[in-house]
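Listed below, chain by chain, are the residues.
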Number of protein chains: 2
Amino acid sequence: MTAAESAPAGVRAVAFDVFGTTVDWRTGVAEQVGAVARRCGAELDGGAFADAWRERYLPSMARVNGGERPWAYLDALHRESLDELLERHGVGAAFDEAARRELVRAWHRLPPWADAAEGLARLRGRYVVAALSNGGFALLTALVKAAGLPFDCILSAELARRYKPDPAPYLTAARLLDVEPGELLMVACHGWDLAGARAAGLRTAFVARPREKGPAGGADRAADVPADLAAADFTDLADRLGCP
Amino acid sequence: MTAAESAPAGVRAVAFDVFGTTVDWRTGVAEQVGAVARRCGAELDGGAFADAWRERYLPSMARVNGGERPWAYLDALHRESLDELLERHGVGAAFDEAARRELVRAWHRLPPWADAAEGLARLRGRYVVAALSNGGFALLTALVKAAGLPFDCILSAELARRYKPDPAPYLTAARLLDVEPGELLMVACHGWDLAGARAAGLRTAFVARPREKGPAGGADRAADVPADLAAADFTDLADRLGCP
């Protein structure tokens, strides 16, 4: 099979998950947590804290999608998880309101994977490329700007007021981009995201991010994720989609 | 008064009107109408046709905002105006479905004003810069991409399902950018747009585009438009906002 043959036919736009797929949330959050903790005189393992914080991510969004609570911005969900985690670690008293706000904003400024900007720039020559994340619109705009990622536009679950993997954000993205769901390719390093995209009628591309969850591993692997195509990173994805 | 003194205090994000303010719709539409008409064997003055088409723009959107008709995309409004205008010019038979679709899409690809990209790039160094137009999200994404304009994000009246100058698109833009209305500066070359923005609580900047309506003039002038500041073009705006 040649690279060109792996491109799903009829794709007109490509939507990229952000946390984990495009940016290295764990390294970014761990560093910022470590720095704020040191300043506050608290002992915290930034990496482990980032993992525990992220573990609360899917359950907190599931409560919104399941109707247990009304729409809440990702920042608000992050703040609730943060408050709970700081108490659980017995360091709540060390982090004042300003420190907690700063920590929530750690998710607004995260380092991109090394291949992200170049891969996007190549893909952008042929497709409309959009960010499609559960992060809020303002968060994503700030993050994409700071990371220098050449997206054509920002999309967010906020525009549908439902979180991925609910079908609404995927279908809202297709509607706003004026393409059929089957003309939109969702790129992610998470099986749950691609399963949601597939259920909504989108095409899917898995990108491996083996270091997403840190040195201990645990990231999703291509062999375990059903998808229309799989790529090693964004430049490999550009190769497979025939983008010079 | 120095240039820096003209910057409204507290502005965190800048939203730009697109048709007329950022891109030269008249030149772009006139050329494309002329080319399609020649191919269809019809005689049409592209510039006059573009003017007549644009004249139907505000009334058609006012019918949506006034509740006379449900939300309709700008493409649909453009198509209705186009069909009516072709009949009125007695050339309806010359333009088949494909030609009419191509003409509607002329509004998706328009040349930027010469100062637009550089001015935006400078402003982007200090502010979040967004496109905020009555054009649909997909239209704007395509137009901004083709014109190479370095916006941080695309916003559209489509996200509020109300057209400017209704307050909803301005307030939706502020909400999505996570700023207060008074922290968002609306830039436009049209008094009606800035009046709408001001009524919604935004700050306003007038940019003169004396050639917007062609060589015959008729463009809005700074002296007639109440605004927090006025600039000659986007580079002058960047100067006034202290963006190197």
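Keep in mind that what you see is a predicted model, and the values were worked out from it rather than measured. (Residues numbered from 1 in each chain as written. Chains lettered and ligands numbered in written order. Predicted model: local features only at pLDDT ≥ 70, side-chain atom pairs only at ≥ 80, totals over all residues.)

*Asks:* Kindly report on the overall build of chain A, identifying the contributing residues and their values.
*Replies:* Counting its secondary structure elements, chain A contains 10 helices and 6 strands. What you see for chain A is a C-alpha radius of gyration of 18 Å, in line with the 18 Å of a compact globule of 244 residues. Its C-alpha atoms give chain A principal-axis dimensions of about 55 × 35 × 30 Å. Here chain A, with 244 residues, has 49% of them falling under the buried criterion. (Helix = DSSP H or I, 4+ residues; strand = E, 2+ residues; numbered from the N terminus. Rg over C-alpha atoms; globule rule 2.2 N^0.38 Å. Buried ≥ 20, exposed ≤ 12 C-beta atoms within 10 Å, placed from the backbone.)

*Asks:* Just give me the short version of the sheet that holds strand β6 (residues 229-231) of chain A, but keep the residues and values in it.
*Replies:* All names here are of chain A. The sheet built from 6 strands is open, its strands ordered β3-β2-β1-β4-β5-β6 with parallel pairing. The open sheet is flanked by β3 (153-156) and β6, the only strands paired with a single partner. For this sheet, the mean angle separating the axes of adjacent strands, direction not counted, is 25°. With 3 bridges joining them, strand β5 (residues 203-207) and β6 adopt parallel strand pairing. Bridging across to β6, Ala205 finds its partner in Leu229. The strands touched by helix α7 (residues 137-147) within the sheet are β2 (128-133) and β3, with β3 carrying the most contacts at an inclination of about 145°. (Pairing = 2+ DSSP bridges. Axes fitted to C-alpha atoms, helices over the stretch in contact; angles between N-to-C directions. Contact = placed C-beta atoms within 7 Å.)

*Asks:* Which residues make up the relation of the copies chain A and chain B, and what are the values?
*Replies:* Mapping chain A onto chain B leaves a residual RMSD of 0.0 Å; the transformation is a rotation of 180° accompanied by 0.0 Å of translation along its axis. Read as a symmetry element, the transformation amounts to a two-fold axis. In terms of proximity to the rotation axis, the leading residue of chain A is Cys153(A), whose C-alpha is 2.7 Å off the axis. (Least-squares fit on C-alpha atoms with pLDDT ≥ 70 in both.)

*Asks:* Give a detailed account of the domain arrangement of chain A, specifying residues and quantitative values.
*Replies:* Residue and element names in this part refer to chain A. Taken domain by domain, chain A consists of domain 1 (8-24 + 110-240) and domain 2 (26-108). On a C-alpha basis, the centres of domain 1 and domain 2 stand 23 Å from each other. Of the residues belonging to the side of domain 1 that touches domain 2, the class tally is 7 nonpolar, 4 polar and 7 charged. (Domains from an automatic or database assignment. Nonpolar A, V, L, I, M, F, W, Y, C, P; charged D, E, K, R; others polar.)

*Asks:* Go over the interface of chain A and chain B with me, naming the residues and quoting the values.
*Replies:* Chain A puts 12 residues into the contact, and the matching count from chain B is 12 residues. Listing elements by their share of the side of chain A that touches chain B, those giving two or more residues are α7, β3 and α8 (167-177) of chain A. A per-element tally of the side of chain A that touches chain B places α7(A) first, with 4 residues. In terms of residue class, the side of chain A that touches chain B is made up of 8 nonpolar, 1 polar and 3 charged.

*Asks:* Please provide a residue-by-residue account of the sheet that holds strand β1 (residues 13-16) of chain B, values included.
*Replies:* Residues and elements named next belong to chain B. Taking strand neighbours across the sheet as the criterion, the 6 strands line up as β3-β2-β1-β4-β5-β6 in an open arrangement whose pairing is parallel. Whereas interior strands pair on both sides, the edge strands pair on one side only; in this sheet they are β3 (153-156) and β6 (229-231). The mean inter-strand angle of the sheet, taken between neighbouring strand axes irrespective of direction, is 25°. Of the pairings in the sheet, the one linking β1 to strand β4 (residues 184-188) comprises 4 bridges and is parallel in character. Looking at β4, one finds that Val14 is bridged to Leu185.

*Asks:* Pulling in residues and values, what's your account of the confidence of the model for chain A?
*Replies:* Residues and elements named next belong to chain A. When the pLDDT values of chain A are averaged, the result is 95; 98% of them are 70 or greater. Counting contacts from residues 1-5, a segment whose pLDDT is below 50, to residues more than four positions away or on other chains yields 5 contacts. For this predicted complex, the interface score ipTM comes out at 0.95, while the overall pTM is 0.95. (pLDDT = per-residue confidence, 0-100.)

*Asks:* Outline the packing of helix α1 (residues 25-40) of chain B against helix α2 (residues 46-55) of chain B, supporting the account with residue identities and numerical values.
*Replies:* Residues and elements named next belong to chain B. At a minimum axis distance of 8 Å, the contact between α1 and α2 shows a crossing angle of 120°. The orientation of α1 relative to α2 falls into the category oblique. As α1 packs across α2, the resulting crossing turns out to be right-handed. Within the contact between the two elements, α1 uses Trp25, Arg26, Val29, Ala30, Glu31, Val33 and Gly34 and α2 uses Gly46, Gly47, Phe49, Ala50, Trp53 and Arg54. A class-by-class count of the residues in the contact of α1 with α2 yields 7 nonpolar, 3 polar and 3 charged. (Parallel < 35°, antiparallel > 145°, perpendicular 65-115°, else oblique. Left-handed = near helix turned anticlockwise from the far one by under 90°.)

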